[in-house]
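Secondary and tertiary structure notes
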Amino acid sequence: MAESFDGDWLDLREPFDAASRDAGLATILSAILPARPRILDLGAGTGSLLRWLGNYIGRAQAWSLVDADPELIDRAFDTTADRAAGAGWGVTWPNRKTLLVHSPRGAWRVEGLLADLREAPDNLPLHQVDAVVNTALCDLVSEAWVQRVAAACAEHALPFYAALNVTGRERFTPAHRADALVARGFARDQRRDKGFGGIALGARAPSVLAEAFRAHGYTVMQAPSDWLVRTRPVSPAVADFATELVTGMAGAAGAWERRHRIALRDWARDRTDQALDGRLGFRIGHADILCLPPGKEPG
C-alpha cells in the first residue's frame, strides 16, 4: 500500500508550504500554460497546491485532484469552498462531483479523481490536461516511477511541476546533542519503500527528476523551498506545527535507531518544550522542480 497522510497534518502544514514554495517557478509555469489550463494534481491531499498555485495562474482554470483517499478529496472540496467563500468569492456545485470557484479573474473548475498512484501513469488522463503538478510527493516515489511518469509526460509534451521535494538538509536551533542521531534515522526512513515500486527517493528526488526529464529533452529549473520556521513570537499554529514535526521525525528515526530510543525521546521532549516556549527554530530543506518540454521554454 502506498504512503498515506492524515488530513489534519496536511492542513497544519499548508501555510508553511505556501510560504516556502518558489513564486518564480509558479510564475513561469503559469506563463507557458494556455488561456484556460487544465491541471492534473497528483496526490492532491486536501488541495493545498490548488489553493496556492491557482492564484499564480490567475485566470479561468480546471483542476483534477488525484488521490487514493476519498476522504481527502472530499476535504479538499470542502476546504476550497470554505476558503473561497471566506474571500468573498462565489461557490457553486454544478453536480455533486464538481466545484466551481468564481474568482474575480475567472472560474476555477475543480473535480476529483480517485486513483492509486502506484499504477501511474497508466491510470491518468494525460491526454486531457495541460500540465502535471504535485507537492511533497516525489520524494516518496521510486526511481522507476519517475522514469515512467517522465516518459508519459514527454509523450504528451506536458510540463511537470513538483514542489517541496526534500533535500536532506535539516538544521535546528539551538543545537542538541541528538540532532545528528535524529537526522541519520530520519534520512533512513525517507529511503524506505513507500509503496511506489521500490526504495523511495528521499533527498535524491530533485536530481532523479532532473535526470529523467532531461533525458526527454526537457528544460529543468530548480529553486529552494525550505521550511524556515521560528517559534517566537509564540503562536499556537507555529507551536502545533513544530511539535507535530519533531514528534514525527523522532518517531520515524526511532524505527531505525532502536538502540537510541531514550535519546530520541529526550530530543522530542526537549524540542517540544522549546517550541512551546518560543525558543525553537529550524530549517528543513526542500526544492521545487519545474520541467518544461521542448518548445515550451520561457521566452
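From a predicted model like this one, the values you see are computed outputs, not experimental measurements. (Residues numbered from 1 in each chain as written. Predicted model: local features only at pLDDT ≥ 70, side-chain atom pairs only at ≥ 80, totals over all residues. Heavy atoms only, no water.)

1. Examining the packing of helix 1 (residues 7–20) against helix 4 (residues 70–86)
At a closest axis distance of 11 Å, the pairing of helix 1 and helix 4 adopts a crossing angle of 35°. Note on packing geometry: the crossing formed by helix 1 with helix 4 is right-handed. In this structure, helix 1 contributes G7, D8, L10, D11 and E14 to the contact, and helix 4 contributes L72, R75 and R83. Tallied by class, the residues present in the contact of helix 1 with helix 4 amount to 2 nonpolar, 1 polar and 5 charged. (Axes fitted to C-alpha atoms, helices over the stretch in contact; angles between N-to-C directions. Helix = DSSP H or I, 4+ residues; strand = E, 2+ residues; numbered from the N terminus. Left-handed = near helix turned anticlockwise from the far one by under 90°. Contact = heavy atoms within 4.5 Å. Nonpolar A, V, L, I, M, F, W, Y, C, P; charged D, E, K, R; others polar.)

2. What to know about a negative patch on the surface
On the surface, E71, D74, D78 and D82 cluster together into a negatively charged patch. Structurally, D78 can be placed in helix 4. Since its relative accessible area comes to 44%, D78 is described here as partly exposed. (Patch = residues over 30% accessible without salt bridge, like charges linked within 9 Å, V, L, I, M, F, W, Y side chains within 5 Å. Areas by Shrake-Rupley, 256 points an atom, 1.4 Å probe, with all protein chains shown as cover. Salt bridge = Lys/Arg side-chain N within 4 Å of Asp/Glu carboxyl O. Lys, Arg positive; Asp, Glu negative; His and termini not counted. Charge placed at Lys NZ, Arg CZ, Asp CG, Glu CD. Buried < 20%, exposed > 50% of the residue type's maximum accessible area, 1.4 Å probe, protein only.)

3. Some points on helix 4
Over its 17 residues, helix 4 runs 24 Å from end to end, which matches the ideal 24 Å to within 8%, given 1.5 Å per residue. For helix 4, the secondary structure elements touched by its buried residues are helix 1, helix 3 (48–57), strand 2 (61–67), strand 3 (90–95), strand 4 (98–103) and strand 5 (106–114). The distance from a side-chain oxygen at the start of helix 4 to the backbone nitrogen of E71 is 2.9 Å, and the residue carrying that oxygen is D69. G88 occupies a position one or two residues after helix 4 and carries a positive phi of about 85°. (Expected span 1.5 Å × (residues − 1). Polar contact = N/O pair within 3.5 Å; in protein donor to acceptor, adjacent residues only side chain to side chain.)

4. With respect to the packing of aromatic side chains
All told, the structure shown has 13 aromatic pairs when counted by the stated rule. Here the aromatic cluster, defined as three or more aromatic residues joined through ring pairs, consists of W9, F16, F172, W227, F241, W267 and F282. The cationic tip of R21 hangs over the ring face of W52; the distance from NZ or CZ to the ring centre is 5.2 Å. (Phe/Tyr/Trp six-rings, centres within 6.5 Å; stacked < 30°, edge-to-face > 60°. Lys NZ or Arg CZ within 6 Å of the ring centre and 35° of its normal.)

5. Observations concerning the environment of K97
Structurally, K97 can be placed in the loop between strand 3 and strand 4. Apart from the residues within four sequence positions on either side, K97 is in contact with F77, V110, E111 and G112.

6. Observations concerning the nonpolar core
Generally speaking, soluble globular proteins have nonpolar side chains that are buried together. Of all hydrophobic cores here, the largest spans 35 residues; its most connected members are L42, W145, F160 and F213. Those elements that place two or more of their residues in this core are strand 1 (38–42), helix 5 (143–155), strand 7 (160–173), helix 7 (205–214) and strand 10 (281–292). When sequence neighbours within four positions are dropped, the list of residues in contact with L42 reads V66, L117, L124, V132, V133, N134, L137 and W145. In this structure, L25, L29, A81 and L164 belong to the second largest nonpolar core, which totals 32 residues. (Core = buried A, V, L, I, M, F, W, Y, C linked by side-chain atoms within 4.5 Å.)

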